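Next come the chains, spelled out residue by residue.
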Amino acid sequence: MTDLTPVALPRRPRVLALANQKGGVGKTTTAINLGTALAATGEKVLIVDLDPQGNASTGLGIDRKSRKSSTYDVLCGDVGLGQAMQETAVPGLFLAPSTLDLLGVELEIASSKDRAHRLKHAIDELMYDQRCSDLTYVLIDCPPSLSLITINAMTASDAVLVPLQCEFFALEGLSQLLKTVEQVRAGLNPRLAIQGVVLTMYDARNNLSGQVMADVREFLGDKVYETVIPRNVRISEAPSYGKPALLYDLRCSGSQAYLRLASEVIKRERALRAAA
Ligand SMILES: Nc1ncnc2c1ncn2[C@@H]1O[C@H](COP(=O)(O)OP(=O)(O)O)[C@@H](O)[C@H]1O
Ligand SMILES: [Mg+2]
């Protein structure tokens, strides 16, 4: 007789791309600290470093010598994401590191038909890798561009999370980013949503910060998270110790803000999943 015992199907982790083509807005800081905060609440998280600068890798204490397999190898199809994945000092938080090789990856893959789907395929395969099948979140740290690397991230993702710095030109370039999201949705990944916009480096003593926050909320409404990440020197010090801010100083205002952001992200994920 046929065995009708149900087989537990592997569950795909929620995949979020941290994207903004502007540099220095807090993508990497958010990837590291949101990832740490999610792991602290019991999620199993993989950060995929897709920036050739490798700041997420350095900030998590993975030095260049120990980056044996990298996201470059993954996008080239030479290794699986599970093989590139390394443990970090945070229980439950893993990293697929990047190296400067990634600068050349677009040339390597530009002429292949599945060039925009390389990362998506790598994440799909993760579910069948025993070490990774119980991952619940994948956070992709994008480079500061809307290049093929970022397109790979968006094609692989359920949603985009946009860090926006509280400065005068915060909204400049956002329409271009949203247009790219639309294009990816139209052609490559119809389920791509906007998870939300997180305001970073907010300075309560600076009137401009408050004005920018008001403008962004008026323009984007409830896409903007309630949590605002304050400008906090402990956050900028932590990477030089190869530690997330949450390990470096759990009590500082920045770490506390990232913990609040993590619970908002989880809440939104549940809502997005229920609506899907
Ligand atoms: N909330 C914050 N308070 C203080 N410094 C911050 C904060 N967020 C980011 N930084 C610093 O700003 C710089 C740019 O941040 P980063 O996360 O690397 O941006 P991106 O990845 O978008 O280029 C880094 O030096 C980082 O340490
Ligand atoms: Mg970065």
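Calculation notes
- Residues numbered from 1 in each chain as written.
- Chains lettered and ligands numbered in written order.
- Predicted model: local features only at pLDDT ≥ 70, side-chain atom pairs only at ≥ 80, totals over all residues.
- Heavy atoms only, no water.
- Near = heavy atom within 4 Å.
- Polar contact = N/O pair within 3.5 Å; in protein donor to acceptor, adjacent residues only side chain to side chain.
- Areas by Shrake-Rupley, 256 points an atom, 1.4 Å probe, with all protein chains shown as cover.
- Salt bridge = Lys/Arg side-chain N within 4 Å of Asp/Glu carboxyl O.
- Buried < 20%, exposed > 50% of the residue type's maximum accessible area, 1.4 Å probe, protein only.
- Helix = DSSP H or I, 4+ residues; strand = E, 2+ residues; numbered from the N terminus.
- Pairing = 2+ DSSP bridges.
- Contact = heavy atoms within 4.5 Å.
- Axes fitted to C-alpha atoms, helices over the stretch in contact; angles between N-to-C directions.
- 1 Å grid on protein atoms, 1.4 Å probe; cavity = no way out; pocket = protein on both sides within 12 Å on 5 of 7 lines; lining within 4 Å.
- Points joined across faces, edges and corners; volume = space filled by probe spheres on them.
- Nonpolar A, V, L, I, M, F, W, Y, C, P; charged D, E, K, R; others polar.
- Patch = residues over 30% accessible without salt bridge, like charges linked within 9 Å, V, L, I, M, F, W, Y side chains within 5 Å.

A.B. asks: What's the story with the site of ligand 1 in this structure? I'm lost.
C.D. replies: Neighbouring ligand 1 are 14 residues, the closest being G24, K27, T28, T29 and P230. Here an oxygen atom of ligand 1 sits 2.9 Å away from a polar atom, N or O, in the side chain of K27. Here T29 contributes a side-chain N or O atom positioned 2.6 Å from an oxygen atom of ligand 1. Within the complex, 79% of the 560 Å² of free accessible area of ligand 1 lies under protein.

A.B. asks: Got a minute to help me understand the pattern of salt bridges in this structure?
C.D. replies: Pairing of side chains with opposite charge becomes possible as their charged atoms draw close. Counted by the stated rule, this structure contains 12 salt bridges. D114 is the salt-bridge partner of R118, the closest N and O atoms lying 2.9 Å from each other. Overall, D114 belongs to the partly exposed group, its relative accessible area being 27%. A salt bridge links E237 to R234; the nearest nitrogen and oxygen atoms lie 3.1 Å apart. Remark: R234 and E237 occur in helix α10 (residues 233-237); sequence separation between them is three residues, near one turn of the helix. Judged by its relative accessible area of 25%, E237 falls in the partly exposed class.

A.B. asks: Any chance you could explain the sheet that holds strand β3 (residues 86-87) here in plain terms?
C.D. replies: Whenever strands of a sheet pair, they do so through backbone hydrogen bonds, lying parallel or antiparallel. Taken in spatial order, the seven strands line up as β3-β4-β2-β5-β1-β6-β7 in an open sheet, and their pairing is mixed. Bordering the open sheet on either side are β3 and β7 (193-200), each of which pairs with just one other strand. The sheet contact formed by strand β1 (residues 14-18) and strand β6 (residues 159-165) spans three bridges and is parallel. Note that in β6 the partner of A17 across the bridge is V160. Along the sheet face, helix α8 (residues 174-187) touches β6 and β7 and points at about 175 degrees away from the line of β6.

A.B. asks: When you look at the layout of surface pockets in this model, what are you seeing that I'm missing?
C.D. replies: Over the atoms a probe the size of a water molecule is rolled, and this reveals where empty space is left. There is about 460 Å³ of room inside the largest pocket. Along the wall of the largest pocket there are 25 residues; nearest its centre are G24, G26, T28, T29 and M201. Looking at the lining of the largest pocket, the elements that each hand over two or more residues are α1 (27-40), α2 (55-59) and α10. Broken down by element, the lining of the largest pocket gets its largest block of residues, four residues, from α1. Among the residues forming the lining of the largest pocket, the class breakdown is 10 nonpolar, 12 polar and three charged. By volume, the second largest pocket is sized at about 280 Å³. Surrounding the second largest pocket, R11, R12, P13, R14, D158, R191, A193, L272, R273, A275 and A276 form its lining. A per-element tally of the lining of the second largest pocket places helix α12 (residues 253-275) first, with three residues.

A.B. asks: What exactly am I supposed to notice about a nonpolar patch on the surface here?
C.D. replies: Taken together, F168, F169 and L208 make up a surface patch of nonpolar side chains, about 330 Å² in accessible area. Among the secondary structure elements, L208 is positioned in helix α9 (residues 207-220). The class of L208 is partly exposed, set by a relative accessible area of 36%.

So far we have only geometry, and geometry alone does not tell us how the molecule works.
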